[in-house]
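These are the residues of each chain, in order.
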Amino acid sequence: MKKIAMMCISALFVGCNTSTDVEKQVDELYDRMSQEERIAQLQSMYMDDLFNEQGQLDTAKCRQLIPNGIGHFSQYASQKSVDPNVLRDRVAAVQDWLMHNTPNGIPALFHEEVLSGINTCDATIYPQQIGQACSFNPELAELKTRQTGTAMRKMGGVLSLSPMVDVCRTPSFNRLEESYGEDAYLSAVMGCAFVRGLQQNDLKQGVGACSKHYLGYGGGGNADEEELMEEILLPHETMIRLAGSRAVMPGYHAMRASSDSTSEQVNCVANSWILHDILRGYLGFDGMVVSDYTAIDQLPGLADPVQKAAAAINGGNDVDFPHGANYKYLQQAIDQGLVKPEVLERAVKDVLRYKFRAGLFDKDAYLYSKEQIVLDTPEERQTAYDIAAQSVVLLENRPLQNSPLGEEPILPLTAEKLQKLHQSASQGETGGKVFLTGPNANSMWAMCGDYSFPAMSYFWKKVENDLEHPHIVKLLEGMQSRKPEGVNVTYSRGCDWTEEIETLFSEAGDERAWEYEILHRKVDTGEPVDKVEALRMASESDVIIAAVGENVMLCGENRDRKGLRLPGKQEQYVEELLKTRKPVVLVVFGGRAQVISGLAERCAAVIQAWYPGEEGGNAVADILYGKVSPSAKLSVSYPAEEIYTPVCYNYTATPDRRIQWPFGYGLSYTTFEYSQLQLNTEAKTTDEAVNLTFNVKNTGRMAADELVQLYLSPVDSSLSLRPIQLQGFTRVSLQPGEQKTVNVKLYTEQFGSYLRDGSQRQWTVRPGAYMVKVGASSVDIRLQQQLTLTGNVVSKPLREHYFSEVK
């Protein structure tokens, strides 16, 4: 066996630089493989199942479990707390065994989650995606995943199961935190940045991205065809066509099986309309389709795994995750005539093609690094901090009534401002007292979102101790270490997240979580709660910082709770803090917007911090103290009431009374002036683009960034455009008094819309009048000018240009 494998390896390690080379070598390898080897390429398993208790590769288990090789290894880095060098050595041992002891010596694809960094012990925990979306900063998003991809490839990882680019428009959605929010354009830009950084424009050196959850898992799967194709599909489409993403994961959900909205509902993992017709046919995707974990198991109305395997592979799914429970019966499905040989061939070749593209068969294949691996480097922590500082949204910031600060708002909490407040309350004493309280004031769970290693270990593995690897800066630590000179920061927890278990049990999503014991528990920090002490300390302070919100058991995959207001008795606790008549700054942590209407209006300031990652405590503290001006803008419409149906800023041109703060909204510690919009009033539908310029000036006293947003609206009612749609944005850094000119290249294809004429899908740009808008949010439009497109209708199968260019 060993000699045969080595001969095959020598024959294959020739490198391949063109698509023709790849296809030729895929065909040759497929023809040499036995049927058992082929089916093995469509299955996965957990690497730890091949190692003994001493951490050594058990070759007897290898011969028993993978005699014909294996296509994939599932979540290889997160199963246990293991040093990255030990993890790399285990990957190396497995790859070496596969290459020297299986018939054709085919290496495996090791995959892992990388949503907010590598899901492994000691890896950097970056801010959760919903927060990063609020930064509107694709450059930082790309830097983050470049760091992630570099570290993971060193550890032997070749494929990720990230990012999630569902366009999420239902505020209550428990997995909203994994998304980039409600807007398709923003999600597409950030998703492409994620792919470019992770893959490093070279699958042989970077880590492959996987676009999920295709299509409409986060909402919109059963939207009308125009919304589905123009918006819900857009992030997947651009990641594939612009950024080179070569893997797609269908969602757990069911959606219609044809363009007819009344057609039967079919689970996405077996839905040929979205996997064959749209993905492979319309978009031209030639990559690999992988199931979400246990998704094939959940196919309804099928009696056994043979039928489920047949339904999934016939529908267009290639690989069965996490352990091939259904695809191991594919030969039976073929023997029974349920699966044709050419269907199996398609799926196996999709996997082999991916492996060739990733360089796994090259003579100098980069399967892992031999150097010493160090995770969470200073550079990675700095990136985590930079993203966090740009992800925190300032929602309210008010002057205090009858205050020594006059008309100056409460934030930032500078030493001078705190001293004025303290002297006013303490008959001339110097200093300042800041009281920090709340369940998220001194907890790592305020910082870590779902799919971070601590969250995954706590939820899935039920590990409750020794999870803080790497070090996670909590808000208390940040406020104490970054405080201005002379300021005293005190702390008492005051209340818990919840008094009772609020996590709801439901059989949805990943089947592995359908255990009562996993869901029926609440986070226990081991820290005492003394409300009497806390209220006394609050009454003796000058400013109260109340850190509230959700935690790992109240939001996330398979986790939900009743209602969207603050969990437990947090709201009642904030009411008692307000009764002290001391200014309360509300800092809300969590994976989605939580309804705080009724409280927010009476707080001196409100901050939405999301899950800001390992440097979140420092970032939030720096914003509170004014070392950094907040610059983030909301990537969702923030509800004023509990909403359980889709909502989006682009549904209507008039304000939605159910929304407290609109998409694109966020305050700064300074002010900005927009002026001198210059744009031609006419252009042709055949023109490639139109150009516009305008000025932005910092009219305040603090250096800050302004997130400038560009929107389009139809003037003619006959045009098939949303009432308002984001079509560009940029971050402008300005010193006090400084002015910069922003230049925008807006492609005429961005004025277009989707049209299906019979069986033909087209992207169509129509003549007519459009309004070009420049704003500080979706409702705060500072400049606008009408533009008329003249000429004939222009149609093409697919767009060439999706994003404006802004400088």
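Keep in mind it's a predicted model, so treat the numbers as computed, not measured.

Looking now at the overall build of the chain. The helix and strand tally for the chain stands at 22 helices and 29 strands. The C-alpha atoms of the chain give a radius of gyration of 27 Å, which matches the 28 Å a tight globule of 807 residues would have. In terms of its C-alpha atoms, the chain occupies a principal-axis envelope of roughly 90 × 70 × 50 Å. When burial is assessed residue by residue, the chain has 64% of its 807 residues classed as buried. Considering only contacts within the chain whose residues lie at least 6 apart along the sequence, 78% involve residues at least 24 apart. When the accessible surface of the chain is totalled, it reaches about 28400 Å², and 46% of it is carbon and sulfur. With 78 positive and 104 negative side-chain charges, the chain shows a separation of 2 Å between the mean positions of the two kinds.

In total, this model carries 17 aromatic pairs according to the counting rule given. Look at Tyr-638 and Trp-661: their rings are 5.1 Å apart centre to centre, the planes differ by 80 degrees, and that puts the pair in the edge-to-face class. In this pair, Tyr-638 sits in strand 16 (residues 638-639) while Trp-661 sits in strand 17 (residues 659-661), placing the two residues 23 residues apart along the sequence. Overall, Tyr-638 belongs to the buried group, its relative accessible area being 0%. Ring centres 6.0 Å apart and planes at 75 degrees place the aromatic pair Tyr-649 and Tyr-711 in the edge-to-face group.

Let us now look at the packing of helix 20 (residues 531-539) against helix 21 (residues 570-578). For the pair helix 20 and helix 21, the least separation of the axes is 10 Å and the interaxial angle reads 35 degrees. Between helix 20 and helix 21 lies a crossing whose hand is right-handed. Judged by residue contacts, Lys-531, Ala-534, Leu-535 and Ala-538 of helix 20 engage Tyr-573, Glu-576 and Leu-577 from helix 21.

So, on to the side chain of Ser-637. Here Ser-637 is to be found in the loop between helix 22 (616-625) and strand 16. Apart from residues lying up to four places away in sequence, Ser-637 is in contact with Glu-182, Cys-648, Tyr-649, Ile-659, Trp-661 and Phe-663.

What follows is about the pattern of salt bridges. All chains considered together, the criterion is met by 50 salt bridges. With its nearest N and O atoms 3.2 Å apart, the salt bridge here joins Glu-113 to Lys-212. One end of the pair, Glu-113, is in the loop between strand 3 (109-112) and helix 6 (129-134); the other, Lys-212, is in strand 5 (residues 211-214), with 99 residues separating them in the sequence. Here Glu-225 and Arg-756 are joined by a salt bridge, their closest N and O atoms 2.9 Å apart. Of this pair, Glu-225 sits in helix 9 (residues 225-232) while Arg-756 sits in strand 24 (residues 753-757), and the two are 531 residues apart along the sequence.

It is worth spelling out the layout of surface pockets at this point. Roughly 690 Å³ of internal volume is contained in the largest pocket. If you go around the largest pocket, you meet 21 residues; those closest to its centre are Leu-400, Gln-401, Arg-581, Lys-582 and Pro-583. Sort the elements by how many residues they give to the lining of the largest pocket and helix 16 (residues 415-425) lands first, with three residues. Class assignment of the residues belonging to the lining of the largest pocket gives a composition of ten nonpolar, five polar and six charged.

Judged by how many residues are buried, helix 22 sits mostly within the fold: ten of ten residues are covered. Taken together, the buried positions of helix 22 are occupied by Gly-616, Gly-617, Asn-618, Ala-619, Val-620, Ala-621, Asp-622, Ile-623, Leu-624 and Tyr-625. Buried residues in helix 22 make contact with helix 15 (378-389), helix 18 (475-481), strand 12 (487-492), strand 13 (543-549), strand 14 (584-589) and strand 15 (605-610).

With that out of the way, let us pick up empty space enclosed by the protein. Counted under the stated rule, the structure contains nine cavities of 30 Å³ or more. Every residue lining the largest cavity is counted, 18 residues in all, and those nearest its centre are Glu-230, Gln-725, Gln-727, Gly-752 and Trp-763. Secondary structure elements with two or more residues in the lining of the largest cavity: helix 8 (184-199), helix 9 and strand 22 (725-734). Top element by residues in the lining of the largest cavity is strand 22. It accounts for three residues.

Quick look at helix 8 now. Between the first and last C-alpha of helix 8 there are 22 Å, a value that for 16 residues agrees with the 22 Å anticipated at 1.5 Å per step. Among the 16 residues in helix 8, 15 count as buried, and that is most of the element. Downstream of helix 8 by a residue or two, Gln-200 has a phi angle that is positive, lying close to 55 degrees.

Turning our attention to the sheet that holds strand 25 (residues 760-765). Taken in spatial order, the three strands line up as 24-25-28 in an open sheet, and their pairing is antiparallel. Sheet topology places strand 24 and strand 28 (794-796) at the edges, where each strand pairs with a single neighbour. Ignoring strand direction, the axes of neighbouring strands in this sheet form an average angle of 35 degrees. Judged from the three bridges that link them, strand 25 and strand 28 form a sheet pairing that is antiparallel. Looking across to strand 28, one finds that Val-765 is bridged to Val-794.

Attention shifts here to the packing of helix 7 (residues 138-154) against helix 8. Each pair of packed helices can be summarised by the angle the axes make with each other and by the distance between the axes. Here helix 7 crosses helix 8 at 35 degrees, and the two axes come no closer than 7 Å. For the pair helix 7 and helix 8, the crossing hand works out as right-handed. Touching Pro-138, Ala-141, Glu-142, Lys-144, Thr-145, Arg-146, Thr-148 and Gly-149 of helix 7 are Val-189, Met-190, Ala-193, Phe-194, Arg-196, Gly-197 and Leu-198, all from helix 8. A class-by-class count of the residues in the contact of helix 7 with helix 8 yields seven nonpolar, four polar and four charged.

Let us now look at the pairing of strand 21 (residues 704-714). A large share of strand 21 lies buried, amounting to ten of its eleven residues. Where strand 21 lies against strand 22, nine bridges are found, and the strand directions are antiparallel. The partner of Leu-710 across the bridge, within strand 22, is Gly-728. By the bridge criterion, six bridges tie strand 21 to strand 26 (residues 768-775) in an arrangement that is antiparallel. Across the sheet, the residue bridging to Gln-709 is Gly-775, located in strand 26.

Calculation rules
Residues numbered from 1 in each chain as written. Predicted model: local features only at pLDDT ≥ 70, side-chain atom pairs only at ≥ 80, totals over all residues. Heavy atoms only, no water. Helix = DSSP H or I, 4+ residues; strand = E, 2+ residues; numbered from the N terminus. Rg over C-alpha atoms; globule rule 2.2 N^0.38 Å. Buried < 20%, exposed > 50% of the residue type's maximum accessible area, 1.4 Å probe, protein only. Contact = heavy atoms within 4.5 Å. Areas by Shrake-Rupley, 256 points an atom, 1.4 Å probe, with all protein chains shown as cover. Lys, Arg positive; Asp, Glu negative; His and termini not counted. Charge placed at Lys NZ, Arg CZ, Asp CG, Glu CD. Phe/Tyr/Trp six-rings, centres within 6.5 Å; stacked < 30°, edge-to-face > 60°. Axes fitted to C-alpha atoms, helices over the stretch in contact; angles between N-to-C directions. Left-handed = near helix turned anticlockwise from the far one by under 90°. Salt bridge = Lys/Arg side-chain N within 4 Å of Asp/Glu carboxyl O. 1 Å grid on protein atoms, 1.4 Å probe; cavity = no way out; pocket = protein on both sides within 12 Å on 5 of 7 lines; lining within 4 Å. Points joined across faces, edges and corners; volume = space filled by probe spheres on them. Nonpolar A, V, L, I, M, F, W, Y, C, P; charged D, E, K, R; others polar. Expected span 1.5 Å × (residues − 1). Pairing = 2+ DSSP bridges.

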